[in-house]
Amino acid sequence: LSSSAVTRSADPEIVGHAARTRASILVQSARPAQACDLVRSTLDGDRPSDARLRLALMYVAASAAYYSGEPAHRVQLRRWLDETAEDVLGDSEFPTPLPAESAALQRAYIAMYADSGGSAHSCPAPWDRRWLQPMSATVEPYRRLIVGAMAYATEQSELAVTELREAVDKL
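Quick caveat, the model's predicted, so the values are computed rather than measured.

Draft legend 1. Just the packing of aromatic side chains, in detail. If you walk through the whole model with that rule in mind, you get 4 aromatic pairs. When the ring of Tyr-66 is compared with that of Tyr-113, the centres are 5.3 Å apart and the planes differ by 45°; the resulting orientation is tilted. Placement of the pair is Tyr-66 in helix α4 (residues 51–68) and Tyr-113 in helix α6 (residues 103–114), with a sequence separation of 47 residues. With relative accessibility at 27%, the residue Tyr-66 sits in the partly exposed group.

This is how it looks when you write it as structure tokens:
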């Protein structure tokens, strides 16, 4: 269904939502390069006006870029972060996987990969330890989930296990 909506709709919002859904499926199906290409075609084309949807697309592209290992996928993340630096997240007519209040943390997650686009062997960039500080109760499980993923990608296994376990328990 999401693939059909991506190819058949002329509405950038519908295409964006369908592309986010499809890209998530592609990442989970071990096809991260296809996920990156799908997000690229969406964000570099007639991009959605919904800032939360754009952020959600970049977030899934960051995960896909990690798994693809392609430096070009990480480089495009930096461009998108720069292009959306002034975005103000409002309400979205589409469900997004993470709350708007976690936008700065989501951008930090994306930047961790974007800032490591130097070569295929670059490890994800170090991340700001301020993200270890608890956030509001509604955001806290997602903070733990994102921090756990960041810790995992930067080979901080003990922290990753702790944060991911707490995220799963709270979610």
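Draft legend 2. Quick look at the packing of α4 against α6. Where α4 contacts α6, the axes come no closer than 9 Å and their chain directions differ by 30°. In this structure, the crossing between α4 and α6 has a hand that is left-handed. Contacts between α4 and α6 involve Leu-55, Met-58, Tyr-59, Ala-62, Ser-63 and Tyr-66 from the first element and Ala-103, Gln-106, Arg-107, Tyr-109, Ile-110 and Tyr-113 from the second. Broken down by class, the residue content of the contact of α4 with α6 amounts to 9 nonpolar, 2 polar and 1 charged.

Draft legend 3. Spotlight on the environment of Pro-124. Relative to the helices and strands, Pro-124 is located in the loop between α6 and α7 (140–153). Sequence-distant contacts of Pro-124, defined by excluding residues within four places in its chain, comprise Tyr-66, Met-112, Tyr-113, Ser-116, Ala-153 and Thr-154.

Draft legend 4. Spatial organisation of unusual backbone geometry. Located in the positive-phi region is Ala-30, a residue other than glycine, with phi close to 60°. Take Ala-30: it is sitting in the loop between α2 (12–28) and α3 (32–43).

Draft legend 5. Region of the structure containing helix α5 (residues 71–83). The end-to-end C-alpha distance of α5 is 19 Å, a good match for the 18 Å that 13 residues give at a rise of 1.5 Å each. The elements touched by buried residues of α5 are α3, α4 and α6.

Draft legend 6. Representation of the packing of α3 against α4 within the structure. Where α3 meets α4, the closest approach of the two axes is 8 Å, and the angle between their N-to-C directions is 150°. By the angle class used here, α3 and α4 are roughly antiparallel. α3 and α4 meet at a crossing whose hand is left-handed. Contact with α3, carried on its side by Pro-32, Ala-33, Ala-35, Cys-36, Val-39, Thr-42 and Leu-43, involves Arg-54, Leu-57, Met-58, Val-60, Ala-61, Ala-64, Ala-65, Tyr-67 and Ser-68 of α4 and no other residues of that element. Considering only residue class, the contact of α3 with α4 consists of 13 nonpolar, 2 polar and 1 charged.

Draft legend 7. Here's a closer look at the pattern of salt bridges. Using the criterion set out here, one finds 12 salt bridges in the structure. Residues Arg-143 and Glu-140 are paired through a salt bridge, measuring 2.7 Å at the closest nitrogen-oxygen approach. In this pair, Arg-143 and Glu-140 both sit in helix α7, 3 residues apart, roughly one turn of the helix. Both residues of the pair, Arg-143 and Glu-140, belong to the buried class. Here Glu-163 makes a salt bridge to Arg-143, at a shortest N to O gap of 3.4 Å. Of this pair, Glu-163 sits in helix α8 (residues 157–170) while Arg-143 sits in helix α7, placing them 20 residues apart in sequence. Grouping residues by exposure puts Glu-163 and Arg-143 together as buried. Here the residues in one salt-bridge network are Asp-44, Arg-47, Arg-79 and Glu-83, joined through shared partners.

Draft legend 8. Examining the side chain of Ser-68 more closely. Along the chain, Ser-68 turns up in helix α4. In terms of polar contacts, Ser-68 uses its side chain to reach the backbone carbonyl oxygen of Ala-65, at 3.3 Å. Engagement of the side chain of Ser-68 in a polar contact is seen with the backbone nitrogen of Glu-70, the distance being 3.2 Å. In this structure, Ser-68 is in contact with Pro-32, Ala-33 and His-73, ignoring residues within four places of it in sequence.

Cut-offs used in this document
- Residues numbered from 1 in each chain as written.
- Predicted model: local features only at pLDDT ≥ 70, side-chain atom pairs only at ≥ 80, totals over all residues.
- Heavy atoms only, no water.
- Phe/Tyr/Trp six-rings, centres within 6.5 Å; stacked < 30°, edge-to-face > 60°.
- Helix = DSSP H or I, 4+ residues; strand = E, 2+ residues; numbered from the N terminus.
- Buried < 20%, exposed > 50% of the residue type's maximum accessible area, 1.4 Å probe, protein only.
- Axes fitted to C-alpha atoms, helices over the stretch in contact; angles between N-to-C directions.
- Left-handed = near helix turned anticlockwise from the far one by under 90°.
- Contact = heavy atoms within 4.5 Å.
- Nonpolar A, V, L, I, M, F, W, Y, C, P; charged D, E, K, R; others polar.
- Expected span 1.5 Å × (residues − 1).
- Parallel < 35°, antiparallel > 145°, perpendicular 65-115°, else oblique.
- Salt bridge = Lys/Arg side-chain N within 4 Å of Asp/Glu carboxyl O.
- Polar contact = N/O pair within 3.5 Å; in protein donor to acceptor, adjacent residues only side chain to side chain.

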